[in-house]
Amino acid sequence: MPLWLIFHPDGTFEDDASKEALATDITSYYVNVGLPPFYVTANFIKMSGNTMYVGGKPPAKDKPFVRITVDHIAVTLPDQDSVYERTANRLNDLLKPHIADKGYDWEFHVDQTERRLWRINGVVPPPFKSEEEKKWVKENKAVPY
Amino acid sequence: MPLWLIFHPDGTFEDDASKEALATDITSYYVNVGLPPFYVTANFIKMSGNTMYVGGKPPAKDKPFVRITVDHIAVTLPDQDSVYERTANRLNDLLKPHIADKGYDWEFHVDQTERRLWRINGVVPPPFKSEEEKKWVKENKAVPY
Amino acid sequence: MPLWLIFHPDGTFEDDASKEALATDITSYYVNVGLPPFYVTANFIKMSGNTMYVGGKPPAKDKPFVRITVDHIAVTLPDQDSVYERTANRLNDLLKPHIADKGYDWEFHVDQTERRLWRINGVVPPPFKSEEEKKWVKENKAVPY
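In this report, the structure presented in the accompanying data block is examined. These numbers were taken from a predicted model, which means no experiment stands behind them. (Residues numbered from 1 in each chain as written. Chains lettered and ligands numbered in written order. Predicted model: local features only at pLDDT ≥ 70, side-chain atom pairs only at ≥ 80, totals over all residues. Heavy atoms only, no water.)

## Some words on the overall build of chain A
We apply this condition: Here a strand is any run of E in DSSP of at least two residues, a helix any run of H or I of at least four, and the numbering for each starts at the N terminus. The cut-offs for exposure are 20% and 50% of the maximum accessible area for each residue type, with area from a 1.4 Å probe on protein chains only; residues under the lower value are buried, those over the upper are exposed, and the others partly exposed. Between two residues, a contact is recorded if the distance between any of their heavy atoms is within 4.5 Å. Under the convention used here, a 1.4 Å probe and the Shrake-Rupley method define accessible areas, while residue burial counts only the protein chains that appear. Neither His nor the chain ends contribute to the count of charged residues, in which Lys and Arg are positive and Asp and Glu negative. Taken as the charge location is NZ of Lys, CZ of Arg, CG of Asp or CD of Glu.
Tallying secondary structure elements over chain A gives 3 helices and 6 strands in all. Summarising its shape, the C-alpha atoms of chain A cover approximately 50 × 35 × 25 Å along the three principal directions. Within chain A, the fraction of its 145 residues that count as buried is 54%. Considering only contacts within chain A whose residues lie at least 6 apart along the sequence, 71% involve residues at least 24 apart. Counting every atom, chain A has about 6,000 Å² of accessible surface; 52% of that belongs to carbon and sulfur. One finds the centroid of the 18 positive side-chain charges in chain A at a distance of 3 Å from the centroid of its 21 negative side-chain charges.

## Notes on the packing of helix H1 (residues 16–33) of chain B against helix H2 (residues 81–95) of chain B
Residues and elements named next belong to chain B. The criterion, for reference: Helix axes are fitted only over the stretch in contact, all axes being lines through C-alpha atoms; the angle between N-to-C directions runs from 0 to 180 degrees. By the definition adopted for this analysis, an angle is roughly parallel if under 35 degrees, roughly antiparallel if over 145, roughly perpendicular if from 65 to 115, and oblique otherwise. Two helices that cross are described as forming a left-handed crossing if the nearer one is turned anticlockwise from the farther one by less than a right angle, and a right-handed crossing if clockwise. All amino acids are sorted into three groups, where Ala, Val, Leu, Ile, Met, Phe, Trp, Tyr, Cys and Pro are nonpolar, Asp, Glu, Lys and Arg are charged, and the leftover types, Gly among them, are polar.
Across the interface, H1 lies against H2 with an axial gap of 9 Å and an inter-helix angle of 150°. It follows from the interaxial angle that H1 and H2 lie roughly antiparallel. The chirality of how H1 crosses H2 is right-handed. Along its contact with H1, which presents Leu 22, Asp 25, Ile 26, Tyr 29 and Tyr 30, the element H2 presents Thr 87, Arg 90, Leu 91, Leu 94 and Leu 95. Partitioning the contact of H1 with H2 into residue classes produces 7 nonpolar, 1 polar and 2 charged.

## Some points on the side chain of Lys 19 of chain C
With respect to the helices and strands, Lys 19 of chain C occurs in helix H1 (residues 16–33). The class for Lys 19 of chain C is buried, based on a relative accessible area of 7%. Lys 19 of chain C has contacts with Asn 50, Thr 51 and Tyr 53 of chain A together with Phe 13, Glu 14 and Phe 44 of chain C, leaving out every residue within four places of it along the chain.

## Digging into the relation of the copies chain C and chain B
Let me state the cut-off plainly: In superposing the copies, a least-squares fit is computed on C-alpha atoms, taking residues whose pLDDT is at least 70 in both.
The transform that puts chain C on chain B rotates by 120° and translates by 0.0 Å along the axis, for an RMSD of 0.0 Å. The operation mapping one copy onto its partner corresponds to a three-fold rotation axis. With a heterologous cut-off of 20% or less, the 3% of interface residues of chain C that recur at the interface of chain B puts this contact in the heterologous class.

## A short note on the interface of chain C and chain B
Buried accessible area, meaning the area lost when the parts come together, often serves as the stated size of an interface. Basically, it comes down to this: As a working definition, buried area equals the accessible area (1.4 Å probe) given up by two parts on being put together, with both sides summed. Salt-bridge detection follows one rule: a side-chain nitrogen of Lys or Arg within 4 Å of a carboxyl oxygen of Asp or Glu. We call two N or O atoms a polar contact when they sit within 3.5 Å, provided that within protein one can donate a hydrogen and the other can accept it, with sequence-adjacent residues counted only if both atoms are side-chain atoms.
Contact residues are listed per partner, giving 33 residues for chain C and 30 residues for chain B. Among the residues of chain C in contact with chain B, Tyr 53, Glu 107 and His 109 of chain C are the three that bury the most area, contributing 23% of the side total. The interface formed by chain C and chain B includes 3 salt bridges. Between Lys 57 of chain C and Glu 20 of chain B there is a salt bridge whose closest N-O contact spans 2.7 Å. Applying the counting criterion to the chain C and chain B interface returns 16 residue pairs in polar contact (both at pLDDT 80 or more). Within the residue set of the side of chain C that touches chain B, elements represented by two or more residues are strand S3 (52–54), strand S4 (65–72), helix H2 (81–95) and strand S5 (105–112) of chain C.

## Side note on helix H2 (residues 81–95) of chain A
Formally: Given a helix with a known number of residues, its expected span is that number minus one, times 1.5 Å.
Taking 1.5 Å of rise per residue, the 15 residues of H2 of chain A would be expected to cover 21 Å, and the 21 Å separating its terminal C-alpha atoms lies within 8% of that figure. The secondary structure elements touched by the buried residues of H2 of chain A are strand S1 (3–9), helix H1 (16–33), strand S4 (65–72) and strand S5 (105–112) of chain A together with strand S6 (118–120) of chain C.

## Brief notes about the pairing of strand S2 (residues 41–47) of chain B
Heads up, the condition is: Only strands joined by at least two bridges in the DSSP assignment are considered to pair. Orient the strands so they point away from the viewer, and a crossover whose first-strand-to-second-strand path over the helix runs clockwise is right-handed.
Judged by how many residues are buried, S2 of chain B sits mostly within the fold: 6 of 7 residues are covered. Sheet topology note: the strand S1 (residues 3–9) of chain B/S2 of chain B ladder contains 7 bridges and is parallel. Counterpart to His 8 of chain B in the pairing with S2 of chain B is Lys 46 of chain B. Following the backbone out of S1 of chain B, through H1 of chain B and into the adjacent parallel S2 of chain B, one traces a crossover that is right-handed. As paired strands, S2 of chain B and S3 of chain C are joined by 3 bridges and run antiparallel to one another. In the strand pairing of S3 of chain C, Ala 42 of chain B is matched with Tyr 53 of chain C.

## So, the sheet that holds S1 of chain B
Judged by pairing direction, the sheet is mixed, and its 6 strands sit side by side in the order S6(A)-S5(B)-S4(B)-S1(B)-S2(B)-S3(C) without closing on themselves. Of all strands in the sheet, those bounded by a partner on one side alone are strand S6 (118–120) of chain A together with S3 of chain C. Averaged over all adjacent pairs, the angle separating strand axes in this sheet is 10°, with direction ignored.

## Some thoughts on the pattern of salt bridges
Going through the model one piece at a time under the given rule, you end up with 30 salt bridges over all chains. Here Lys 46 of chain C ties to Glu 14 of chain C by a salt bridge, and the two come within 2.8 Å at their closest N and O atoms. Of this pair, Lys 46 of chain C sits in strand S2 (residues 41–47) while Glu 14 of chain C sits in the loop between strand S1 (3–9) and H1, and the two are 32 residues apart along the sequence. Note that Lys 96 of chain C is salt-bridged to Asp 101 of chain C, the shortest N-O span being 2.9 Å. Among the residues examined, Lys 96 of chain C registers a relative accessible area of 44% and is labelled partly exposed. Counted as one network, the salt bridges with shared partners bring together Asp 79 and Asp 81 of chain A together with Glu 114 and Arg 116 of chain C.

## Things to note about H2 of chain C
Within the span of H2 of chain C, buried status applies to Val 83, Tyr 84, Thr 87, Ala 88, Leu 91, Asn 92, Leu 94 and Leu 95 of chain C. Those residues of H2 of chain C that are buried lie in contact with strand S6 (118–120) of chain B together with S1, H1, S4 and S5 of chain C.

## Remarks on the sheet that holds strand S3 (residues 52–54) of chain B
Read across the open sheet, the 6 strands follow the order S3(B)-S2(A)-S1(A)-S4(A)-S5(A)-S6(C); overall the sheet is mixed. Each end of this open sheet is capped by a strand with a single partner; those strands are S3 of chain B together with S6 of chain C. With direction set aside, neighbouring strand axes in the sheet form an average angle of 10°. Sheet analysis places S1 of chain A next to S4 of chain A, joined by 5 bridges and oriented antiparallel. In the strand pairing of S4 of chain A, Ile 6 of chain A is matched with Ile 68 of chain A.

What follows is the structure, given as structure tokens:
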């Protein structure tokens, strides 16, 4: 469900351990909300050489810039500023050790899309917080229901 | 118009024939709805090595995972559950021989975006089901109108 | 804020100068609207070989096709057709020397996403046209406020 695209330059997330560490923390965030781990996909897209431009220039090599996009599908947040703020802050917190603490610049934004146009292995994912969803959490895969 | 991004791991869609076969079936779906074939773009983005993480781990090599995102622009579906269900089911059906039948895991979601911020070769695409659109279907390219 | 993804085939945007020229014109568009230059990210994603299909076929090698997606976050346009038309026309204009005048085919669409789920370097970007935003323009970076 959440799909994270992590556009990162050469010299960042070069080893699998650093990618897995971030992907694991992203996953934990959603698992804490109650979602199955396998909902969470994180794609690391390396922007090699001068393929990423910020303000018309490639970022300085000693100041990497990581641009992240997130699609949220399972849950559309209620229209309350405090809920949006808390969500964005938590995403900030999970990114901190992987990006901010390494001295990178970064930006993220989240899009919320239509749940009814979403399928996993051909199956309609069960409603948020339903008994069926809890079974998907437990099995950590899409099981018929 | 529909833009399909197909994030796929090593070992899947390696030959052009398999990509073209899926792209052709995707195109047929939209042509059946009445849209011009050239509206349909399918981008195959290979996620080589360990660049895709699901639930914090790279999927098992013997169980490839294909993640698909779709942008719909020409037509926003009417707000009826049955229409959404039918649409998602048809996308499932077209994917089946290319993904499910090969034993891959997969997930897709569709975003619907603003038609008024869409241009092809600088031209405003004609209204859905209009005479002008039929001309675009026939010519299979963006012709002034 | 605006995130541009430019999916382009072999033989287009091969040299850094052509990428930087387009990225610079994209940036100028948003700076003219009042936004800080560093808000503008343009990612050039090369679709090598036969990885991009239009209407089920790879575009002819002598007629490159460039597919562009744009995410707008800082500003959601007011719901007036004239505003949408003017915006899309201006994007057309800025693309012209980089794409149309080179004989490429192209298509773009813009998605507008939720401002409240957007952060730069962990900071909430200041409101559009605010004094704080003007400071971000002047400094061309995310400064606490």
